[in-house]
Every structure is written in C-alpha cells, then in structure tokens.
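Notes for the structure review
So you can see what is in the structure, the chains are spelled out below.
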Amino acid sequence: MKKTMMIALFAVAAMTANAQKFALIDMEYILKNVPAYERANEQLNQVSKKWQAEVEALNTEASTLYKNYQNEVVFLSQEQKKAKQEAIMQKEKEASDLKRKYFGPEGELFKKRASLMTPIQDEVYNAVKDISDQRGYSLVVDRAANAGIIYGSPKVDISNEVLQKLGYQ
C-alpha cells in the first residue's frame, strides 16, 4: 500500500511538474566513498564493543551469583537467601540500567552517532543543495532509501558530482 501511494505520488508530481528537473543520488555509495564516514563508523563499532563487554561482564556476574546461590540454597537461612536474592537482582538491575544508558533510544551510542555523523551528513546535504541550485533541480531523491524507485537512469544520478564537490573521487 505504501509503495503504491509513493508511486502514485511521484506520478502525480511528474504530471504536474513537467518542466521541473530532478536528480538521483545514492547516499550509501556517497558515504562509502567518504573516508570520514568510514572512520566514524569504526569509532562507533569500537565504542559499542567496549560498552557491550561492560554490560556482558555485569550479566556474567549476575549469572555467577545466581549459580552460586542455587548451589548453596539448601545451606542458607532465610535471611541469607533473601540477601543473596537481592544481590542477584541488584546486579541484574545494574546490567539492565547500563545497557539502557549505553544502547537505549537516547543512550550514549545514539548521542555519539549523532555527534560523529551529523557533520558528515550536513556536508553531503550542502553539496547536494549547491549542485541542485546550480543545475536548477527541484527534487533530488535518494535511490538507496527504498523510495519505490524501480529504475533510475544513470544520466540523472549526481552521486559522483557530490563526491567531487566534497573533494573525493
């Protein structure tokens, strides 16, 4: 349904805007050819692995506490059982909180990704805007964004021009 609506929207736009010019870009291709983007991705992967290891270490501690508790449960008093259960739950909560802090919707990874990627994306956007203004394009569509583009002529793809404008080839 969504694809049909997108295709219909493009068809209506094409009929009403005969004289308007458009172009295509492949954002994935552009970003793969920008070294700063690759470096930022590598940084994100490294920090993500580090944070994941921290979370897994806490989960392992909680698991070890639980196994020890199960092995000792028959020898423990009610108070000792309760204390061990609380320690296990506390360790699980620490792991969960740390995971949310690092990987949650507003977590550290999200913030780090935004701080590293936004400048690169802004630079690409500005290059696309400059080329569009120079050439008179009314619309530039990202073919990599699954916008329902079945075919796009290489003649209207300005991805290499964007890379040249950014100083890459």
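Presented here is an overview of the structure given in this document. It should be emphasised that the depicted structure is a prediction, and the values quoted were computed from it without experimental measurement. (Residues numbered from 1 in each chain as written. Predicted model: local features only at pLDDT ≥ 70, side-chain atom pairs only at ≥ 80, totals over all residues. Heavy atoms only, no water.)

Before going further, it helps to examine the packing of aromatic side chains. Enumeration over the complete set of coordinates arrives at two aromatic pairs. Seen from their ring centres, W51 and Y102 are 4.5 Å apart, and the 5° between their planes marks the pair as stacked. A residue pair is termed long-range when its members are at least 10 positions apart, and W51 in helix 3 (residues 35-72) and Y102 in helix 4 (residues 78-103) qualify at 51 residues. Of the two residues, W51 and Y102, neither departs from the other in class, the shared state being buried. Between Y102 and F103, the ring centres sit 6.3 Å apart and the planes meet at 80°, which makes this aromatic pair edge-to-face. (Phe/Tyr/Trp six-rings, centres within 6.5 Å; stacked < 30°, edge-to-face > 60°. Helix = DSSP H or I, 4+ residues; strand = E, 2+ residues; numbered from the N terminus. Buried < 20%, exposed > 50% of the residue type's maximum accessible area, 1.4 Å probe, protein only.)

Turning to the pattern of salt bridges, a few remarks are in order. What the rule picks out here adds up to nine salt bridges. A salt bridge links K84 to E72; its shortest N-O distance comes to 3.1 Å. Residue K84 is located in helix 4, and its partner E72 is located in helix 3; the two are separated by 12 residues in the primary sequence. The partner of D130 in a salt bridge is K165, with the nearest N and O atoms 3.9 Å apart. With a gap of 35 residues between them, D130 in helix 5 (residues 108-135) and K165 in helix 6 (residues 159-166) connect regions that are remote in the sequence. (Salt bridge = Lys/Arg side-chain N within 4 Å of Asp/Glu carboxyl O.)

Let's shift gears to the packing of helix 3 against helix 4. Running from N to C, helix 3 and helix 4 cross one another at 165°; their axes reach a closest spacing of 9 Å. For the element pair helix 3 / helix 4, the angle class is roughly antiparallel. When the axes of helix 3 and helix 4 are compared, the crossing they make is left-handed. Broken down by class, the residue content of the contact of helix 3 with helix 4 amounts to 13 nonpolar, four polar and nine charged. (Axes fitted to C-alpha atoms, helices over the stretch in contact; angles between N-to-C directions. Parallel < 35°, antiparallel > 145°, perpendicular 65-115°, else oblique. Left-handed = near helix turned anticlockwise from the far one by under 90°. Nonpolar A, V, L, I, M, F, W, Y, C, P; charged D, E, K, R; others polar.)

All right, on to the nonpolar core then. In terms of nonpolar packing, the biggest core is built from 28 residues, with I30, V34, V124, I158, V162 and L166 touching the most fellow members. Elements that contribute at least two residues to this core include exactly strand 1 (21-25), helix 2 (27-32), helix 3, helix 4, helix 5 and helix 6. Among all residues touching V162, those that are not within four sequence positions of it are I25, I30, V124, A127, V128 and I131. (Core = buried A, V, L, I, M, F, W, Y, C linked by side-chain atoms within 4.5 Å. Contact = heavy atoms within 4.5 Å.)

A separate point is helix 6. Taken residue by residue, helix 6 has S159, V162, L163 and L166 as its buried positions. In an axial view of helix 6, the angular spread of the buried residues amounts to 100°, which keeps them on one side of the axis. Buried residues in helix 6 make contact with strand 1, helix 2 and helix 5. Two residues or fewer after helix 6 comes G167, characterised by a positive phi angle close to 95°. (Arc of directions from axis to C-beta.)

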